[in-house]
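Chain and residue survey
Residues per chain, in single letters:
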Amino acid sequence: MKVGIVGTNFVSDMFMEAQSVVKECEVVAVADITVEKARAFADKYGIKYAFGSHTEMMDSGVIEAAYLAVPNGLHKPMSYDFLSHHIPVLCEKPFGSNVEEVREMVGYAKEFNTYLEDAIVPLYTENFKRTKEALPKVGRLRRAIISFGKYSSRYDAYLRGENPTTFRRELSNGSIMDLGVYAIADVVALFGKPKKIYASGIKLETGVDALGTAVFTYEDFEVVVLHSKVTDTSVVSEIQGESGNIYIDLLSRFDNVWFVDRKTKTKEVISEHWDYNMSWEIQEWCDCVRDGLIQSRKVPHQLTVDIHDVITECRRQMGIVYPADEK
């Protein structure tokens, strides 16, 4: 599958590393806001074609599929452009600015009968599958504490009065959309949508969230979600049951997951080390496009809608409003 990349940030570098182990994937083109930026990225990786816009790449006839690594606010319109040209899309997380956009994007895939995938890395991995299969080990589930926080490399620039994309409201950014999306996606994929949601957060002057907390209530257990872009944390995520606990040390990768029995205190490693975790979603993309599908087998569109339904409600309670919400 001949792939074109839109955007040349660090995630695009990660994509290039991961696709190198997926034999069906061949990156033949890259596009950015200037052809110079695209050419620099192309030269770095030996990519044949470089374009100064996604539309030039889309109309060139050299690609069969597109990977979108662009600001969140551009996901919906760019997905439409490619899907309407029957070019399958792998769209970076968060899939859309809000659940309404996500539903529209899913509608485009159906309307144009063209594949669209949510690039939320952990949900495609073997280790996530193993974790979900291991849930019965904890016995009766009572609580989960799901934590993902990191002091952003761009926060210092923000404090200097600059305007990095990470904290820009018009681009649908902030803590919940950057890191919280992993936590919430993992929770919804593991346990389903909660019955009740309570969410709060701390805003920056730009109107996006610096950090936040959410409590999700289920039938007989609760989940606490912690996310932050302005603090580091050493809190390991924990799924607590009456028979034992499952621990997850990095929600975006599921590289290190283990179970501890409550009575015996014995530790059982659930995960296995894999290089290039992003390759799982790329392989799924190639396989599903080959099979003529319009959605992933592992992360179907309804799961993506459910994830963003929860995120949108959390933002509503936090008072985080994007321009995309006002359309």
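Quick caveat: nothing in here was measured; it's all calculated off a predicted structure.

This part covers the packing of helix α1 (residues 10-19) against helix α2 (residues 35-45). At a minimum axis separation of 12 Å, α1 and α2 run at an interaxial angle of 30°. It follows from the interaxial angle that α1 and α2 lie roughly parallel. For the pair α1 and α2, the sense of crossing is right-handed. Facing α1, whose interface residues are Ser 12, Asp 13 and Met 16, α2 presents Phe 41, Lys 44 and Tyr 45. When grouped by side-chain class, the residues that make up the contact of α1 with α2 number 3 nonpolar, 1 polar and 2 charged.

What follows is about the sheet that holds strand β8 (residues 196-203). Strand order in this open sheet of 8 strands is β8-β9-β10-β7-β11-β12-β13-β14, and the pairing throughout is mixed. Only two strands of the sheet have a single partner each, and these edge strands are β8 and β14 (267-269). Averaged over all adjacent pairs, the angle separating strand axes in this sheet is 10°, with direction ignored. One ladder, built from 7 bridges, connects strand β7 (residues 141-149) with strand β10 (residues 222-228); its direction is parallel. Within β10, the position partnered with Gly 149 by the bridge is Ser 228. Each of β8, β9 (209-217) and β10 touches helix α10 (residues 301-318); the most contacted strand, β8, lies at about 55° to it.

The side chains of a regular strand alternate, residue by residue, between the two faces of the sheet. Where β8 meets β9, 8 bridges bridge the pair, whose relative direction is antiparallel. What sits directly across from Ile 197, in β9, is Phe 216. The antiparallel hairpin formed by β8 and β9 contains 5 residues in its connecting segment, where Gly 207 sits at a positive phi of about 95°.

Within strand β12 (residues 244-248), 5 of the 5 residues are buried, leaving the element largely enclosed by the surrounding structure. What you see with β12 is no split at all: Gly 244, Ile 246 and Ile 248 on one side and Asn 245 and Tyr 247 on the other are buried throughout. Where strand β11 (residues 237-241) and β12 come together, 4 bridges link them in antiparallel fashion. When the sheet's bridge partners are listed, Ile 239 is paired in β12 with Ile 246. Linkage of β11 to β12, two consecutive antiparallel strands, is achieved through a turn of 2 residues. Note: β12 against strand β13 (residues 257-261), 5 bridges, orientation antiparallel. Each bridged residue has a counterpart across the sheet, and for Ile 246 the counterpart in β13 is Phe 259.

On inspection of all chains with the given rule, the structure shows 25 salt bridges. With a closest N to O distance of 2.4 Å, Asp 178 and Lys 229 form a salt bridge. A residue pair is termed long-range when its members are at least 10 positions apart, and Asp 178 in helix α8 (residues 175-191) and Lys 229 in the loop between β10 and β11 qualify at 51 residues. On the basis of relative accessible area, Asp 178 is assigned to the partly exposed category, the value being 23%. Residue Arg 253 pairs with Asp 255 through a salt bridge whose shortest N-O separation is 2.8 Å.

What the 6 strands build is an open sheet, ordered β3-β2-β1-β4-β5-β6; its pairing is parallel. Each end of this open sheet is capped by a strand with a single partner; those strands are β3 (49-51) and β6 (116-119). Averaged over neighbouring strand pairs, the angle between their axes works out to 20° when direction is ignored. With 4 bridges connecting them, strand β1 (residues 2-6) and strand β4 (residues 65-68) associate as parallel partners. Counted as the bridge partner of Gly 4 is Ala 66 from β4.

Rules used in this analysis
- Residues numbered from 1 in each chain as written.
- Predicted model: local features only at pLDDT ≥ 70, side-chain atom pairs only at ≥ 80, totals over all residues.
- Heavy atoms only, no water.
- Axes fitted to C-alpha atoms, helices over the stretch in contact; angles between N-to-C directions.
- Helix = DSSP H or I, 4+ residues; strand = E, 2+ residues; numbered from the N terminus.
- Parallel < 35°, antiparallel > 145°, perpendicular 65-115°, else oblique.
- Left-handed = near helix turned anticlockwise from the far one by under 90°.
- Contact = heavy atoms within 4.5 Å.
- Nonpolar A, V, L, I, M, F, W, Y, C, P; charged D, E, K, R; others polar.
- Pairing = 2+ DSSP bridges.
- Buried < 20%, exposed > 50% of the residue type's maximum accessible area, 1.4 Å probe, protein only.
- Salt bridge = Lys/Arg side-chain N within 4 Å of Asp/Glu carboxyl O.

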